[in-house]
Amino acid sequence: MNDTIISVSHLTKKYNGFTAVNDISFSVEKGEIVAFLGPNGAGKTTTIKMLTTLLAPTSGSVHLNGSNVVTNQEEARRTFGIVFQDPSLDDELTAWENLEFHGVLYGVPKNIRRPRIEELMKFVELWDRKNALVKTFSGGMKRRLEIARGLLHHPRIFFLDEPTIGLDPQTRNHMWDYVLNLNKKEQITIFFTTHYIEEAEKVAQRIIVIDHGKIVATGTPSELIIKTNTKTLEEAFLKYTGHEIRDEEASVTDRMRQRRGRWHH
Ligand SMILES: Nc1ncnc2c1ncn2[C@@H]1O[C@H](COP(=O)(O)OP(=O)(O)O)[C@@H](O)[C@H]1O
Ligand SMILES: [Mg+2]
């Protein structure tokens, strides 16, 4: 019996002479929730782009549910949904139209598409705004709509690359509740990156740490803490990478938000 759904073997990406991802191998089991952590510039986005057919590997291979992402791209694409750090919705379309367009693109038949869009828009609590233009949405609403869009074609794998960056803590929690619920309800495999260590701690069953394009650790949060002889996942991360998980910019934004919160309450 083989329950592997993501299989990565000797994956490498070079940008001109620079090696951004350096011969990494790992696999993810069906239904597993994996956090892919690393400091800024470690190679997380480059890896996820190769896993999702957006970037061609320099060498190595990726299989999603058995489909090779290079030689069997179409089939591989149907296995996953994705939410990226930069919103990629069409601002000039309504929320409904954005989902409808995606459904058509993925060939989801009309009789399935319509009820699925309704179900998902209710799930992310945007049903009452279905006819509003996306440009009128807040950051949190856009992210929720992207989640709905990423799930429209019933993917078996959900990739999220810093899906919560720039969102307030409440919205972040709310978003992870959706995703966890989804993992339970539909056994979707989740592979995500984040700069918030508490999200990895709360959500991930297993953590893969990447630094300078190399995998430097893999294990459950408690395994990583034990292996590094530390007390928290944050300390373990620091030991593996020599960096705080959040870069300056993210910490400053969070501090400002906290301060603002204090003033307004
Ligand atoms: N298109 C590109 N051309 C050249 N270098 C790139 C390109 N994209 C990313 N890089 C470099 O590759 C490294 C990994 O980047 P990235 O995968 O975005 O890291 P992360 O998502 O972990 O922050 C960084 O040093 C980055 O500057
Ligand atoms: Mg990135």
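In this numbering scheme, every chain counts its residues from 1 along its sequence in written order. The lettering of chains begins at A and the numbering of ligands begins at 1, in the order of writing. Thresholds applied to this predicted model are a pLDDT of at least 70 for local features of residues and 80 or more for the giving and counting of side-chain atom pairs; totals over whole chains, interfaces and linings are not thresholded and use all residues.

Caption draft 1: Expanded view of the nonpolar core. Ala35, Ala148, Ile157, Phe159 and Phe191 are the most contacted members of the largest nonpolar core, which has 64 residues in total. Each domain's extent was defined by an automatic or database domain assignment. Taken domain by domain, the makeup of this core includes at least three residues from each of domain 1 (4-78 + 181-264) and domain 2 (80-154). Remark: residues whose backbone-derived C-beta atoms lie within 7 Å of one another are considered to be in contact. Once residues within four sequence positions are removed from consideration, Phe159 is found in contact with Ile48, Leu51, Thr52, Phe80, Ile82 and Phe191. The nonpolar core is taken to be a set of buried Ala, Val, Leu, Ile, Met, Phe, Trp, Tyr and Cys residues joined by way of C-beta atoms within 7 Å. Each residue is classified by how many other C-beta atoms fall within 10 Å of its C-beta atom, where C-beta atoms are placed from the backbone; a count of 20 or more means buried, 12 or fewer means exposed, and values in between mean partly exposed.

Caption draft 2: Geometry of the sheet that holds strand 10 (residues 214-219). Taken in spatial order, the six strands of this open sheet run 6-7-8-3-9-10, and their pairing is mixed. The open sheet has two edge strands, strand 6 (80-83) and strand 10, and neither has a second partner. Along the sheet, successive strands turn relative to each other by an average axial angle of 15°, direction set aside. Bridge count between strand 3 (residues 33-37) and strand 8 (residues 189-193): three bridges; the pairing is parallel. Pairing between two strands requires that DSSP report at least two bridges joining them. Put simply, DSSP marks the helices as runs of H or I at least four residues long and the strands as runs of E at least two long, and each gets a number from the N terminus on. Axis definition: a line fitted to C-alpha atoms, over the contacting stretch in the case of helices. Angles run 0 to 180 degrees between N-to-C directions.

Caption draft 3: Expanded view of helix 1 (residues 44-51). Burial runs high along helix 1: seven of the eight residues are buried. Within helix 1, burial applies to Lys44, Thr45, Thr46, Thr47, Ile48, Met50 and Leu51. Backbone geometry just after helix 1 places Thr53 at a positive phi near 70°.

Caption draft 4: Molecular detail of the domain arrangement of the chain. Assigned domains of the chain: these are domain 1 (4-78 + 181-264) and domain 2 (80-154). Placing a centre on the C-alpha atoms of domain 1 and another on those of domain 2 gives a separation of 25 Å.

Caption draft 5: Broad picture of unusual backbone geometry. Look at Asp23: it is not a glycine, yet its phi comes out positive at around 60°. Within the secondary structure, Asp23 is located in strand 2 (residues 18-29). The backbone of Thr53 sits at a positive phi, close to 70°, despite the residue not being glycine. Looking at the element boundaries, Thr53 is found in the loop between helix 1 and strand 4 (59-64). Look at Thr53 and you get partly exposed, because 18 C-beta atoms sit within 10 Å.

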